[in-house]
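A structural walkthrough
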Amino acid sequence: MGLLSKGKPLSWEETKKNAWKVHKVGIQQFISLFHKLKDRKGDTLKWGDEVEYSLISIDDEKKVAKLSLLSSQILEVLQKPQLDDPLHHKAKWTPEYASYVVEGTPGASPYGGCYSDFNVVEANMKLRREMLYEALKGTSVFPLTLTAFPRMGCPGFTEPEFLPQPATSKSRSLFYPDEAVSSHPRFITLTRNVRERRGEKPAINMPIFKDKATPSPFVEVVPNDDGTASTYGKPDHIYLDCMGLGMGCACLQVTFQGCDLNETRHLYDQLSVMCPIMLALTAAAPILRGYLADVDCRWPIISGAVDDRTQEERGLKPLKDDKWVIPKSRYDSIDMYLANPEYNDKEVPINELAYQTLTENGVDELMARHVAHLFIRDPISLFAEKLEQDVENESDHFENIQSTNWQSMRFKPPPPNSPIGWRVEFRPMDLQITDFENAAFVVFIVLVTRAILSFKLNFLIPISKMEDNINRAIYRDAARQGLFYFRKNLFSEDEDDDEGKETPPTGATPTAPQSHEHEYTLMSIDTIINGKDEFPGVIPLVRMYVNSIDIDVDTRCTLMQYLRFISKRASGELPTAATWMRQFVLSHRDYKHDSVVSEIINYDLISKIRDISEGRSPCNELTGRLTSRADSLRPSLPRRISVRSDSKDGND
Ligand code: ADP
Ligand code: MG
Ligand code: MG
Ligand code: MG
Ligand code: MG
């Protein structure tokens, strides 16, 4: 990252001119990695979380809460331990897209050596929070694990205050000043290039929550409108117009290492079905730019905010200068499974040249198709210093495309010359308010992978149904009211799939059309997670797994509390953060039933969230009096081994 931060970002024109090189060398880098590492065996489960912390500044006299643009200053303090002691630091800090967000991960080496690591997750999250408080000492700024700041994009939402400059800023946004973007040159370059590549500003329209005094139709007059809000904003929608209003949201991610390539591909497929379910269950973003929305999570906002497709690619004009009509944004759900082509029922555009090179060089067709699909995207940030790349010892051009395909799952090849194995990243979840909740979701996902492997579970549904589920997951109260396609028999193997796990099937997608309709049905999240009638439910299966392993009493207690919590969230007994925040606004004395979340409501909500996350006000409504033993624990350090992580940085 040091190298990158000193680099010179190329203009969009120059980036575009060099895209062929990134594509060509990036594919060669992948081929080299693939062959060096495809037969690598015997890696163990390792895993780790990523939490993005927002910095909040509060003025108790004026009763105003803002986002504080302090991230680069405090990163200097936060990163000192990791720079001083690369082998033993307890938490690792990286810059993020926004200059009010920092990302924290668990230190020098990932979890995974022993079951008691499950008990360290929450303690390490607490430790990171403590580090943040320490770094912010002497200021009125504090950290929150907030998915979307309710008044992000409202006039004066940052401290210090900056006005948006629609005529001259890199984003041209009417709402979001460039100063809210982190000073790391990668991020502002992405912002400009998304807009320039698209040929216009991103336009995100999210349905507004219609209350009894909300104007109907709701048509917003934006004071400094340069014509874009009136042109692109839709009635009854909240209009957003730049990368920052999406990428300035925060999320919770988990990365795992599989024992080998095949297991990793298998987990990628299986977990991708859980993405929409976990998105709905973790929903935490019901307020956008000071309005209550009819969506509950950040997903569709970021998806629109980085949508750099041209009009031709979006199918609005016949193809002339561009090569493909591309159905989805770079930030969206995955488009194909990596080990089960029989469930890939969608036509997916691929970079044919990349595909040909990959298959001619011994990459199996399914993997080649996956990579060639990622490579329909152009690089949107490129540094002059990084243009010439070594194929064998570097992977920056591959990572350039890979890391700007922000999909629900990410298949992560090992970096060159590193001890790291094949990994998958689970990326859909919104952030929770408390460490207890975030730890519960992280640990749950890890346990789900163990249950999948131990009981040979099969979650697969056609990829088009998984995609449909994502669209179902985003709406208001989807966790309680939504219905999602899910597999009826989780123990069923496909007839011809018994040995399929050893050698990934070849064959292009979609294969012979095969109906899987009898295999799935619509279910509520309660049924999916808790089970009903003959359908076992994911939590009972995970409990069975936990009961089958030899763990200490403390860790078992913690795991049972996490599972109890998620079970109650799924049954609707406990609300999502989105539902809870929405209710907070609806019952606030200043709320006028017009969908507006005013400064004072924002201040009270942020103060309440602060009290909860600092433990002053235990929030039984959110966590149902559940706590874990991890409360009293601190990470047992130094950890076992050190692992270098990828050379890229931020905004994932
Ligand atoms: P990115 O931003 O590319 O998703 P980060 O480096 O921010 O990745 O986070 C990676 C996560 O993966 C961290 O939680 C880290 O602890 C964890 N991790 C590191 N090494 C491994 C490994 N070998 N296997 C699995 N997870 C790992
Ligand atoms: Mg990252
Ligand atoms: Mg991140
Ligand atoms: Mg990540
Ligand atoms: Mg990260």
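Residues numbered from 1 in each chain as written. Chains lettered and ligands numbered in written order. Predicted model: local features only at pLDDT ≥ 70, side-chain atom pairs only at ≥ 80, totals over all residues. Heavy atoms only, no water.

**Digging into the overall build of the protein chain**
The secondary structure content of the protein chain amounts to 23 helices and 17 strands. Over its C-alpha trace the protein chain gives a radius of gyration of 23 Å, about what one expects of a compact globule, namely 26 Å for 652 residues. Across the 652 residues that make up the protein chain, the buried fraction comes to 65%. Once local pairs closer than 6 in sequence are excluded, the contacts in the protein chain between residues at least 24 apart make up 79%. (Helix = DSSP H or I, 4+ residues; strand = E, 2+ residues; numbered from the N terminus. Rg over C-alpha atoms; globule rule 2.2 N^0.38 Å. Buried < 20%, exposed > 50% of the residue type's maximum accessible area, 1.4 Å probe, protein only. Contact = heavy atoms within 4.5 Å.)

**Focus: the coordination of the magnesium ion (ligand 5)**
Surrounding the magnesium ion (ligand 5) are the protein donor atoms E50 (OE) and E103 (OE), at 2.1 Å. The magnesium ion (ligand 2) is placed at 2.3 Å from the magnesium ion (ligand 5). With E50 in strand β1 (residues 46-59) and E103 in strand β4 (residues 101-105), the pair connects residues that are 53 residues apart, well separated along the chain. The exposure class assigned to E50 is buried, which follows from its relative accessible area of 11%. The exposure class assigned to E103 is buried, which follows from its relative accessible area of 7%. (Donors = N, O, S within 2.8 Å, 3.2 Å for Na, K, Ca; no water.)

**Comments concerning the site of ligand 1**
In the region of ligand 1, 19 residues are neighbours, and D49, E50, E103, Q257 and E425 sit closest. Contact distances for ligand 1 include 3.4 Å between an oxygen atom and a backbone N or O atom of G48. In this structure, an oxygen atom belonging to ligand 1 sits 2.9 Å away from a side-chain N or O atom of E50. Protein contacts shield 91% of the accessible area of ligand 1, which totals 570 Å² for the unbound molecule. (Near = heavy atom within 4 Å. Polar contact = N/O pair within 3.5 Å; in protein donor to acceptor, adjacent residues only side chain to side chain. Areas by Shrake-Rupley, 256 points an atom, 1.4 Å probe, with all protein chains shown as cover.)

**Some details on the coordination of the magnesium ion (ligand 3)**
Coordination of the magnesium ion (ligand 3) by the protein involves E52 (OE), E96 (OE) and E103 (OE), with metal-donor separations of 1.9 to 2.1 Å. Site description for the magnesium ion (ligand 3): donor spacing in sequence, E-x43-E-x6-E. In this model, the magnesium ion (ligand 3) sits 4.3 Å from the magnesium ion (ligand 2). Linking E52 in strand β1 with E96 in the loop between β3 (92-95) and β4, this pair joins segments that are 44 residues apart in sequence. Take E52: its relative accessible area is 3%, and that puts it in the buried class. On the accessibility criterion, E96 (3% relative accessible area) is buried.

**Comments concerning the pattern of salt bridges**
Scanning the entire structure with this criterion turns up 46 salt bridges. K137 is the partner of E134 in a salt bridge, and the nearest nitrogen-oxygen pair spans 3.2 Å. Classification of K137 by relative accessible area gives exposed; the value is 60%. Through salt bridges that share partners, R197, D308, E313, R330 and D378 make up one connected network. (Salt bridge = Lys/Arg side-chain N within 4 Å of Asp/Glu carboxyl O.)

**Quick notes on the layout of surface pockets**
Here the second largest pocket defines a volume of roughly 770 Å³. Along its surface, the second largest pocket is lined by 29 residues, and H23, R197, K323, W324 and D378 are the ones closest to its centre. Of all the secondary structure elements, the ones that give two or more residues to the lining of the second largest pocket are α2 (12-17), α3 (19-37), α7 (185-198) and α12 (352-360). It is α3 that provides the largest number of residues to the lining of the second largest pocket, a total of six residues. (1 Å grid on protein atoms, 1.4 Å probe; cavity = no way out; pocket = protein on both sides within 12 Å on 5 of 7 lines; lining within 4 Å. Points joined across faces, edges and corners; volume = space filled by probe spheres on them.)

**Some thoughts on helix α6 (residues 121-135)**
Here α6 spans 21 Å end to end across 15 residues, near enough to the 21 Å set by a 1.5 Å rise per residue. For α6, a buried count of twelve out of 15 residues is recorded, marking the element as mostly surrounded by other parts of the structure. Taken as a whole, α6 has its buried residues at V121, E122, A123, N124, M125, K126, L127, R128, R129, M131, L132 and A135. (Expected span 1.5 Å × (residues − 1).)

**Details of the environment of A570**
Among the secondary structure elements, A570 is positioned in helix α20 (residues 553-571). Judged by its relative accessible area of 2%, A570 is buried. Once the C-alpha coordinates of A570 and G615 are considered, the two residues, 45 residues apart in sequence, prove to be 24 Å apart. Setting aside anything within four residues of it in sequence, one finds A570 in contact with L281, A479, I525, D526, I529 and N530.

**Structural notes on the confidence of the model for the protein chain**
Chain-level statistics for the protein chain give a pLDDT mean of 92 and a share of 92% at 70 or above. In this model, residues 1-5 is a region of pLDDT below 50 whose contacts with residues beyond four sequence positions or in other chains number 13 contacts. Here residues 634-649 scores under 50 on pLDDT; set against residues more than four positions off or in separate chains, the count is 47 contacts. (pLDDT = per-residue confidence, 0-100.)

**Some points on helix α15 (residues 435-454)**
The end-to-end C-alpha separation of α15 is 28 Å, in line with the 28 Å expected for 20 residues at 1.5 Å each. Judged by how many residues are buried, α15 sits mostly within the fold: 18 of 20 residues are covered.

**Observations concerning the packing of α3 against α12**
Contact pair α3 / α12: the axes reach a minimum separation of 10 Å and the direction vectors enclose 25°. Between α3 and α12, the angle is such that the two are roughly parallel. Between α3 and α12 lies a crossing whose hand is right-handed. Residues I27, F30 and I31 of α3 form the contact with α12, whose own contacting residues are A354, T357 and L358. Residue classes in the contact of α3 with α12 are distributed as five nonpolar, one polar and no charged. (Axes fitted to C-alpha atoms, helices over the stretch in contact; angles between N-to-C directions. Parallel < 35°, antiparallel > 145°, perpendicular 65-115°, else oblique. Left-handed = near helix turned anticlockwise from the far one by under 90°. Nonpolar A, V, L, I, M, F, W, Y, C, P; charged D, E, K, R; others polar.)

**Things to note about the packing of aromatic side chains**
Each aromatic ring pair is described using two quantities: the centre-to-centre distance and the angle formed by the ring planes. All chains considered together, the criterion is met by 21 aromatic pairs. Ring centres 6.3 Å apart and planes at 75° place the aromatic pair F34 and W422 in the edge-to-face group. On the criterion of sequence distance, the pair formed by F34 in helix α3 and W422 in the loop between β14 (409-412) and β15 (423-426) is long-range, its members being 388 residues apart. Take F34: its relative accessible area is 3%, and that puts it in the buried class. Consider the rings of F375 and F398, whose centres lie 6.2 Å apart with planes at 15°: the pair is stacked. Separated by 23 residues along the polypeptide, F375 in the loop between α13 (365-374) and α14 (396-402) and F398 in helix α14 bring together distant segments of the chain. Across from the ring centre of F175, 3.9 Å away, lies the NZ or CZ of R289, which sits over that ring. The ring of Y485 has K465 lying over it, and the distance from NZ or CZ to the ring centre is 5.0 Å. (Phe/Tyr/Trp six-rings, centres within 6.5 Å; stacked < 30°, edge-to-face > 60°. Lys NZ or Arg CZ within 6 Å of the ring centre and 35° of its normal.)

**Observations regarding the packing of α15 against helix α19 (residues 538-548)**
For the pair α15 and α19, the least separation of the axes is 9 Å and the interaxial angle reads 80°. It follows that α15 is roughly perpendicular to α19 by the angle criterion. Contacts between α15 and α19 involve F444, L447, V448, R450, A451 and S454 on the former and, on the latter, V538, I539, L541, V542, Y545 and V546. Here the residues of the contact of α15 with α19 are counted per class, giving ten nonpolar, one polar and one charged.

**Notes on the environment of P575**
With respect to the helices and strands, P575 occurs in the loop between α20 and α21 (577-586). Using a relative accessible area of 12% as the deciding quantity, one classes P575 as buried. A sequence separation of 335 residues divides P575 from L240, and the C-alpha atoms of the two residues are 27 Å apart. Sequence-distant contacts of P575, that is, excluding residues within four places in its chain, are made with R480, R569, W580, E621 and L622.

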